[in-house]
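In case you want the letters, here they are:
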Amino acid sequence: MDILFISKYILVIAIIILMLAVLRASAYKSTSMGLLGSSVIVNAFALVLLVGGQIYNLQFYRDISLALIFFGFVGTIAFALTVGGEDK
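Residues numbered from 1 in each chain as written. Predicted model: local features only at pLDDT ≥ 70, side-chain atom pairs only at ≥ 80, totals over all residues. Heavy atoms only, no water.

A. How the structure looks around a nonpolar patch on the surface. A cluster of nonpolar residues, Phe70, Phe71, Phe73, Val74, Ile77 and Leu81, forms a patch on the protein surface that exposes about 650 Å² of accessible area. Here Val74 lies in helix H3 (residues 60–84). Overall, the relative accessible area of 38% leaves Val74 in the partly exposed class. (Patch = residues over 30% accessible without salt bridge, like charges linked within 9 Å, V, L, I, M, F, W, Y side chains within 5 Å. Areas by Shrake-Rupley, 256 points an atom, 1.4 Å probe, with all protein chains shown as cover. Salt bridge = Lys/Arg side-chain N within 4 Å of Asp/Glu carboxyl O. Helix = DSSP H or I, 4+ residues; strand = E, 2+ residues; numbered from the N terminus. Buried < 20%, exposed > 50% of the residue type's maximum accessible area, 1.4 Å probe, protein only.)

Listed below in structure tokens is the structure:
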């Protein structure tokens, strides 16, 4: 087996462990920790889709992951503006 092929699987396993750690961190009471946790999970899932698309040679995974990253960023900004209120 190729070392690059094995490293992709190790990367996916490490990202899944990261997702579990972020789920624990986002369970705190503050809204900012929940928002941060959900943003990290969406980005990690998009990275898993990118790596999975390279492993199995599926091109539409790249499009899905780019949409997740873009809409996750837009949603985070929209939520921060809603919760933050207006500057006076």
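Structure shown, so let's carry the discussion forward.
B. Region of interest: helix H1 (residues 3–25). When the terminal C-alpha atoms of H1 are compared, their 33 Å separation across 23 residues agrees well with the 33 Å that a helix rising 1.5 Å per residue should span. Among all positions in H1, only Lys8, Val12, Ile15, Met19 and Val22 are buried. Tucked inside the fold, the buried residues of H1 contact helix H2 (31–56). (Expected span 1.5 Å × (residues − 1). Contact = heavy atoms within 4.5 Å.)

C. Main features of the packing of aromatic side chains. Taken as a whole and assessed by the stated rule, the structure comprises 3 aromatic pairs. When the ring of Phe60 is compared with that of Tyr61, the centres are 5.0 Å apart and the planes differ by 90°; the resulting orientation is edge-to-face. Residue Tyr61 is classed as partly exposed on the basis of its relative accessible area of 24%. (Phe/Tyr/Trp six-rings, centres within 6.5 Å; stacked < 30°, edge-to-face > 60°.)

D. Structural detail: the packing of H1 against H2. Here H1 crosses H2 at 165°, and the two axes come no closer than 9 Å. When the axis of H1 is compared with that of H2, the two are roughly antiparallel. For the pair H1 and H2, the crossing hand works out as left-handed. Along the contact surface, H1 presents Phe5, Lys8, Tyr9, Leu11, Val12, Ile15, Leu18, Met19, Val22, Leu23 and Ala25, while H2 presents Met33, Gly37, Val40, Ile41, Ala44, Phe45, Leu47, Val48, Val51, Gln54, Ile55 and Tyr56. Here the contact of H1 with H2 is built from residues that sort into 20 nonpolar, 2 polar and 1 charged. (Axes fitted to C-alpha atoms, helices over the stretch in contact; angles between N-to-C directions. Parallel < 35°, antiparallel > 145°, perpendicular 65-115°, else oblique. Left-handed = near helix turned anticlockwise from the far one by under 90°. Nonpolar A, V, L, I, M, F, W, Y, C, P; charged D, E, K, R; others polar.)

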